[in-house]
Amino acid sequence: MMDYGKIMCRRVQDIQPSGIRKYFDMLQGMEGGISLGIGEPDFVTPWHIRDAGIYSLEKGFTKYTPNAGLSDLRQAIARYLERRFGLGYAPIGQILVTVGGSEGLDLTFRCLLEPGDEVIVPSPSFVCYGPLVSMLHSVPVMVETKAENDFRLTADELRAAITPRTKVLVLPFPNNPTGGVMGRADLEALAEVLRGTDIMVVTDEIYAELTYGQRHVSMAAIPDMYERTVVVNGFSKAYSMTGWRLGYVCGPKPLIAAMTKLHQYAIMSAPTTSQYAAIEALDHGDGDIEAMRDEYDGRRRFLVDGFRSLGLPCFEPLGAFYTFPCIKSTGLTSEQFCDRFLAEQRVAVIPGSAFGPGGEGYVRANYAASMHDLDEVLKRLERFLKSLH
Amino acid sequence: MKDLLQLLEDDSTLTHAQLAAMTGLTQDEVSEAVAGYERDRIILGYKTIVDWDRTHRESVTALIEVSVTPQRGEGFDRIAQRIYQYEEVESLYLMSGGAYDLTVIISGRTLKEVAHFVGEKLAPIEGVTGTATHFILKKYKEKHLIFPVQEAQEERFVFE
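The rules behind the values
- Residues numbered from 1 in each chain as written.
- Chains lettered and ligands numbered in written order.
- Predicted model: local features only at pLDDT ≥ 70, side-chain atom pairs only at ≥ 80, totals over all residues.
- Heavy atoms only, no water.
- Core = buried A, V, L, I, M, F, W, Y, C linked by side-chain atoms within 4.5 Å.
- Buried < 20%, exposed > 50% of the residue type's maximum accessible area, 1.4 Å probe, protein only.
- Helix = DSSP H or I, 4+ residues; strand = E, 2+ residues; numbered from the N terminus.
- Contact = heavy atoms within 4.5 Å.
- Pairing = 2+ DSSP bridges.
- Axes fitted to C-alpha atoms, helices over the stretch in contact; angles between N-to-C directions.
- Parallel < 35°, antiparallel > 145°, perpendicular 65-115°, else oblique.
- Left-handed = near helix turned anticlockwise from the far one by under 90°.
- Nonpolar A, V, L, I, M, F, W, Y, C, P; charged D, E, K, R; others polar.
- Buried area = accessible area lost by both parts, 1.4 Å probe.
- Salt bridge = Lys/Arg side-chain N within 4 Å of Asp/Glu carboxyl O.
- Domains from an automatic or database assignment.

> Looking at this structure, I do not really get the nonpolar core. What am I missing?
Considering soluble globular proteins, one finds that nonpolar side chains tend to be buried as a cluster. All names here are of chain A. Counting 56 residues, the largest nonpolar core has F337, V349 and L381 as the members making the most contacts within it. Per-element accounting of this core gives the leading share, 7 residues, to helix α14 (residues 371-388). Each residue touching F337, except ones within four places of it in the same chain, is listed here: I327, T330, L332, V349, V363, L381, F384 and L385. Ranked by size, the runner-up nonpolar core spans 31 residues in total, among them Y80, I95, A238 and I279.

> Can you walk me through the sheet that holds strand β2 (residues 89-94) of chain B in this structure?
Sheet strands associate in pairs through backbone hydrogen bonding, adopting either a parallel or an antiparallel arrangement. Residues and elements named next belong to chain B. If you trace the 4 strands from one edge of the open sheet to the other, you get β2-β3-β1-β4, paired in antiparallel fashion. The two strands at the open ends of the sheet, each matched to only one other strand, are β2 and β4 (128-135). Each strand of the sheet is rotated relative to its neighbour by a mean of 20 degrees, with strand direction disregarded. Pairing of β2 with strand β3 (residues 102-108), which is carried by 5 bridges, proceeds in the antiparallel orientation. Bridge assignment links L94 to a residue of β3, and that residue is L102. Its contacts with the sheet put helix α4 (residues 77-84) on β1 (60-68), β2, β3 and β4, and the angle it makes with β2 is roughly 165 degrees.

> So what exactly am I meant to see when it comes to the sheet that holds strand β9 (residues 322-323) of chain A here?
The 3 strands are arranged β9-β12-β11 (chain A) in an open sheet whose pairing can be described as antiparallel. The strands lining the two open edges of the sheet, one partner per strand, are β9 and β11 (350-351) of chain A.

> Looking at this structure, how should I read the packing of helix α13 (residues 334-345) of chain A against α14(A)?
Two quantities define a packed helix pair, namely the angle between the axes and the distance from one axis to the other. Residues and elements named next belong to chain A. Remark: α13 packs on α14, axes separated minimally by 10 Å, with the N-to-C direction vectors making an angle of 110 degrees. As judged from the angle between their axes, α13 and α14 are roughly perpendicular. The handedness of the crossing between α13 and α14 comes out as right-handed. Between α13 and α14, the contacting residues are F337, R340, F341, E344 and Q345 on the first element and V377, R380, L381, R383, F384, L385, S387 and L388 on the second. Grouping the amino acids of the contact of α13 with α14 by side-chain chemistry returns 7 nonpolar, 2 polar and 4 charged.

> Would you take a moment to explain the environment of B:R78 for this structure?
Within the fold, B:R78 resides in helix α4. A sequence separation of 42 residues divides B:R78 from B:G36, and the C-alpha atoms of the two residues are 29 Å apart.

> Whenever I open this one, the interface of chain A and chain B confuses me. Can you help?
As a measure of interface size, the accessible area lost when the parts come together is often cited. Between chain A and chain B, the contact holds 26 residues from the first and 14 residues from the second. Interface area for chain A against chain B, summed over the two sides, is near 1800 Å², with a carbon-plus-sulfur share of 58%. At the junction of chain A with chain B, the criterion picks out 1 salt bridge. For B:K2, the salt bridge identified is with A:E295, shortest N-O distance 2.5 Å. Broken down by element, the side of chain A that touches chain B gets its largest block of residues, 8 residues, from helix α12 (residues 286-309) of chain A.

> Before we go on, may I ask you to explain the domain arrangement of chain B in this structure?
Assigned domains of chain B: these are domain 1 (4-39) and domain 2 (52-137). Just the C-alpha atoms count here: the centres of domain 1 of chain B and domain 2 of chain B sit 34 Å apart.

Right, here's the structure in full:
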C-alpha cells in the first residue's frame with residue numbers, strides 16, 4: 001500500500017482547500033437554489049470575439065505560438081494598455097502572454113521569491129496568493145484592510161508590515177471580494193513608502209475594466225513605480241473570457257525574460273485559439289466592456305441598495321462584481337450565516353472569512369447574476385433575517 | 001450607467017423600486033420620469049415576446065413588401081395610415097432602396113388568414129401598386145431574444 005501522505009510534498013499537503021468549495025457541493029442538486037458565489041461573469045464571450053477564435057481554427061492556426069505569445073497579440077496588448085491606462089510596455093521583451101492571470105501571478109512569485117522572503121498581501125483578497133507564495137517556502141504576510149478605509153491598503157498599514165525580509169507587495173485592486181479600489185492618491189501614498197526600497201509590487205489588475213465612477217489607475221503609472229512593478233492582467237473579467245484561460249504579465253525586461261524561460265518549460269505557450277480571439281477583443285472590444293460594465297452597474301446598485309434597506313451595512317463597492325455586506329448584526333459568524341442561508345433559503349454566498357483575515361463578519365455576494373435572481377435573493381434574505389429574530 | 005429608458009427597453013418588468021435602486025434615483029423620480037415618457041409617447045407601450053411555436057396555438061407571420069404610389073402633399077403617410085389601421089398589421093415601415101416602399105409585418109392564425117388579408121384588404125387599397133408576401137418559416141431572434149434553447153455548459157466549480 002502506497003502512503004501518499006508520506007510521498008507527496010509537505011507544503012502542498014499543508015495548503016488548506018478553498019473555503020468556497022463546500023457551498024457548491026451543498027448547492028448541487030438543490031432544487032431552486034441560487035448561487036451568488038461564483039467569481040465569474042454571467043455573460044457569454046461576445047460573438048465577434050468567439051468568431052475570431054473560430055476563424056483562426058478554420059484557417060488551421062492550431063500550432064504553438066511563440067513562447068511569449070503571438071507578436072500581433074503582444075502589440076495589441078501594448079496598444080490597449082497605453083490607450084486605457086497610459087502604460088507603456090514594449091511588445092518584445094516586456095509582455096508575456098500567460099494561461100490566465102493566475103499563471104502570471106505564479107510565474108512572478110517564482111521568479112522573485114527566495115525561501116523566507118515575505119510577501120505582503122492585503123486581506124481579504126483572492127484566495128490564491130497565500131498558497132502560491134507558501135509553495136515557494138516564502139511567507140505570506142496578510143494585512144487586514146478595513147471597512148472604515150473602504151478596504152484600501154493605507155500607507156501606515158503598509159509601513160507597519162514591512163520588515164527586512166519583505167520582497168513583494170501584492171496589490172489586488174479592484175478587489176475580490178470587497179469591491180474596494182485604490183485611486184491615484186491612495187497609490188501615491190503607498191509609493192511614498194516604497195520609493196527607495198527594493199520591494200517589488202505585483203499588481204493584480206484582472207478587474208481593472210470593472211470600475212464604477214472612476215477609471216482604474218495602475219501602480220505602474222505612478223512616478224518611480226514603473227521599474228518596481230509587475231502588472232498582471234487578463235481577458236477573463238473584462239471580456240467574459242474565463243474559459244479561454246488567457247492573461248498576460250508586463251514588467252521590467254530581466255524579470256519578463258526570466259518568467260518567459262520558466263513559462264516555456266512549464267507551459268510552452270498559451271492556447272493559440274484564445275490568443276487569436278484575444279487580438280479581436282483588444283482591438284474591437286471596448287464597446288463590449290462598456291456594455292457589460294453598464295449592466296453590472298445597475299445590478300450593483302440594486303444589490304447594495306437591497307442589503308442596506310434590509311439593515312445590513314454595505315460598503316459601496318466601486319470595482320469588480322462583488323458586494324461585501326456586513327452581517328455582524330445577525331450575531332452569526334460569516335460561516336454560520338452562509339451555512340444557514342444556503343440550508344434554509346437555498347442561496348449560496350461566500351463567507352468573508354474564506355478570503356483571509358479581515359473578512360470575518362462579512363459575506364461576498366456577486367452581482368454577475370440576472371436581475372430576477374438578485375431580486376429573489378433579496379426576498380429570501382428578508383425572510384432569513386426575519387427568521388433570526 | 002444605463003439610463004431609465006435603456007433599462008426599461010431591456011426589461012419592462014423591472015419595478016419602479018428596482019429601477020430606482022439601479023439608477024440611484026428615488027422611486028418618485030422614477031415614477032415621474034416614466035409617466036413623462038409615457039405622456040410624451042417616448043414610451044409607446046409594453047409588450048411581451050412570445051414563442052407561439054412552443055404553445056398549441058397555430059400562428060403564421062408574414063413580411064409583405066408593398067409598392068405604392070405616393071400621394072400629392074401626403075407622401076407615403078396617408079397610405080401608410082390606411083394600412084396600419086388594420087388590426088392584423090403588427091409592424092409597418094417605410095423603406096429606402098427603391099425596390100418597394102413599405103414593409104408590412106402581419107401575423108395570423110393560418111396561411112389562409114394572411115392570404116385573405118393581402119388579397120382582400122391590402123392589395124385593393126388605392127395607391128397600392130403591388131405586393132410580395134414572404135412567410136416567415138422560423139424565428140431565431142427577435143428584439144435581442146433568441147428563440148432556440150441555448151445549450152448550457154457543464155456546471156463547474158471554481159475557487160474564485
